[in-house]
Amino acid sequence: MDSIDYRLAFDLAPVGLCLSRHRTMVDCNQSLCEMFGASRELLLGQSFQLLYPSADEYERTGARIALNLNHSGAYADNRIMKRASGETFWCHVTGRALNPAAPHEAGIWTFEDLSSRRPVKAELTPREREVAAYLLDGLTSKEIGKVLSISHRTVEVYRARLMRKYKASTTADLVHKLMAGVA
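What counts, and at which threshold
- Residues numbered from 1 in each chain as written.
- Predicted model: local features only at pLDDT ≥ 70, side-chain atom pairs only at ≥ 80, totals over all residues.
- Heavy atoms only, no water.
- pLDDT = per-residue confidence, 0-100.
- Helix = DSSP H or I, 4+ residues; strand = E, 2+ residues; numbered from the N terminus.
- Core = buried A, V, L, I, M, F, W, Y, C linked by side-chain atoms within 4.5 Å.
- Buried < 20%, exposed > 50% of the residue type's maximum accessible area, 1.4 Å probe, protein only.
- Contact = heavy atoms within 4.5 Å.
- Phe/Tyr/Trp six-rings, centres within 6.5 Å; stacked < 30°, edge-to-face > 60°.
- Lys NZ or Arg CZ within 6 Å of the ring centre and 35° of its normal.
- Polar contact = N/O pair within 3.5 Å; in protein donor to acceptor, adjacent residues only side chain to side chain.
- Pairing = 2+ DSSP bridges.
- Axes fitted to C-alpha atoms, helices over the stretch in contact; angles between N-to-C directions.
- Arc of directions from axis to C-beta.

Chemist: Kindly report on the confidence of the model for the protein chain, identifying the contributing residues and their values.
Modeler: Summing up the model confidence of the protein chain, the mean pLDDT is 87 and the portion of residues at 70 or higher is 93%. Confidence, expressed as mean pLDDT per element, reaches its minimum in the protein chain at helix α8 (residues 171-180) with 76 and its maximum at strand β2 (residues 24-28) with 97.

In structure tokens:
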């Protein structure tokens, strides 16, 4: 049997791949560069913060990731990310810590662009983006509050704001409109 060229497989993978150390990109493939509209040279050595709509979202997501990676060694979610052009888009992110005891020490991450299925239409605050992502995952206000370390009533305030922005009459209608990118 012929040996597999793992570097070529990494470079040509149909999803964005990135290797990280301490939340800094140390290697990435062409799919990731195309997805974020940035050259490999621009991305390598940069913090993942470059790919987030705000520094606050980067920090809060990092804290959530660390908790999950400590327990299972793996993490996945849907979140809004930012291209080099400033355009925001929904992205499915999956990661694995190479050392679960030190979750941000080193890891491998996949990024799947969901914008063709879930466009971002309304202008959302960082917290609204987080609440929207968890609503799309089917979490209740109490569950979202627990994950974000805020009260479920605060989550309900953000959900109400999302419903106004998306002109949704029910949570189910909001989820449908979020998935369709209808504002």
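Chemist: Go over the nonpolar core with me, naming the residues and quoting the values.
Modeler: The biggest cluster of nonpolar side chains holds 44 residues, and the ones touching the most others in it are Phe48 and Phe111. The greatest single-element share of this core, amounting to six residues, is contributed by helix α5 (residues 126-136). With residues near it in sequence (within four places) discarded, Phe111 still touches Val15, Gly16, Cys18, Leu32, Met35, Phe36, Phe48, Met81, Cys91, His92 and Val93.

Chemist: Explain the packing of aromatic side chains residue by residue, including any values.
Modeler: Counted by the stated rule, this structure contains four aromatic pairs. Where Phe48 meets Phe111, the ring centres are 6.2 Å apart and the plane angle is 35 degrees; that geometry is what we call tilted. Remark: Phe111 occurs in strand β5 (residues 107-113) and Phe48 occurs in the loop between α3 (40-43) and α4 (55-72); sequence separation between them is 63 residues. There is no split in this pair, since Phe48 and Phe111 are both buried. Here the aromatic residues Phe36, Phe48, Phe89 and Phe111 are joined through ring pairs into a cluster of three or more. In this arrangement the basic side chain of Arg23 is found over the ring face of Tyr58, its NZ or CZ atom lying 3.7 Å from the centre. The ring of Phe89 carries Arg83 above its face, with NZ or CZ at 3.9 Å from the centroid.

Chemist: Tell me about the environment of Arg127, and please be specific about residues and values.
Modeler: Residue position: Arg127 is located in helix α5. For Arg127, a relative accessible area of 15% corresponds to the buried category. Once the C-alpha coordinates of Arg127 and Met35 are considered, the two residues, 92 residues apart in sequence, prove to be 24 Å apart. If we skip the residues at most four places from it in the chain, Arg127 touches Arg60, Leu148, Ile150 and Tyr158.

Chemist: Just give me the short version of the environment of Asp77, but keep the residues and values in it.
Modeler: As for its placement among the helices and strands, Asp77 is situated in strand β3 (residues 74-82). The residues touching Asp77, leaving out its near neighbours within four places in the chain, are Thr61, Arg64, Cys91, His92 and Val93. A distance of 2.8 Å separates polar atoms of two side chains, one belonging to Asp77 and the other to Tyr75. In terms of polar contacts, Asp77 uses its side chain to reach the side chain of Arg79, at 2.9 Å.

Chemist: Before we move on, can you summarise the sheet that holds β5 with the specific residues and values?
Modeler: One open sheet holds the five strands; their spatial order is β2-β1-β5-β4-β3, and the pairing between them is antiparallel. One side of each edge strand has no neighbouring strand; the edge strands of this open sheet are β2 and β3. Along the sheet, successive strands turn relative to each other by an average axial angle of 30 degrees, direction set aside. Sheet analysis places strand β1 (residues 16-21) next to β5, joined by five bridges and oriented antiparallel. The residue bridging Leu19 from the neighbouring strand is Ile108, located in β5. Those strands touched by α5 are β3 and β4 (88-97), and its axis lies near 70 degrees from that of β4.

Chemist: Go over the pairing of β3 with me, naming the residues and quoting the values.
Modeler: Taken together, the nine bridges between β3 and β4 define a ladder with antiparallel strand orientation. Bridge pairing in β4 places Asn78 opposite His92. Adjacent in sequence and paired antiparallel, β3 and β4 are bridged by five residues, among which Gly86 carries a positive phi angle near 95 degrees.

Chemist: Account for helix α6 (residues 141-148), with residues named and values stated.
Modeler: All buried positions along α6 are accounted for by Ser141, Ile144, Gly145 and Leu148. Angularly, the buried residues of α6 cover 100 degrees about the axis, an arc narrow enough to put them on a single face. For α6, exposure combined with an orientation more than 90 degrees from the buried face picks out Lys142 and Lys146. Phi turns positive one or two residues past the end of α6, at Ser149, with a value near 60 degrees.

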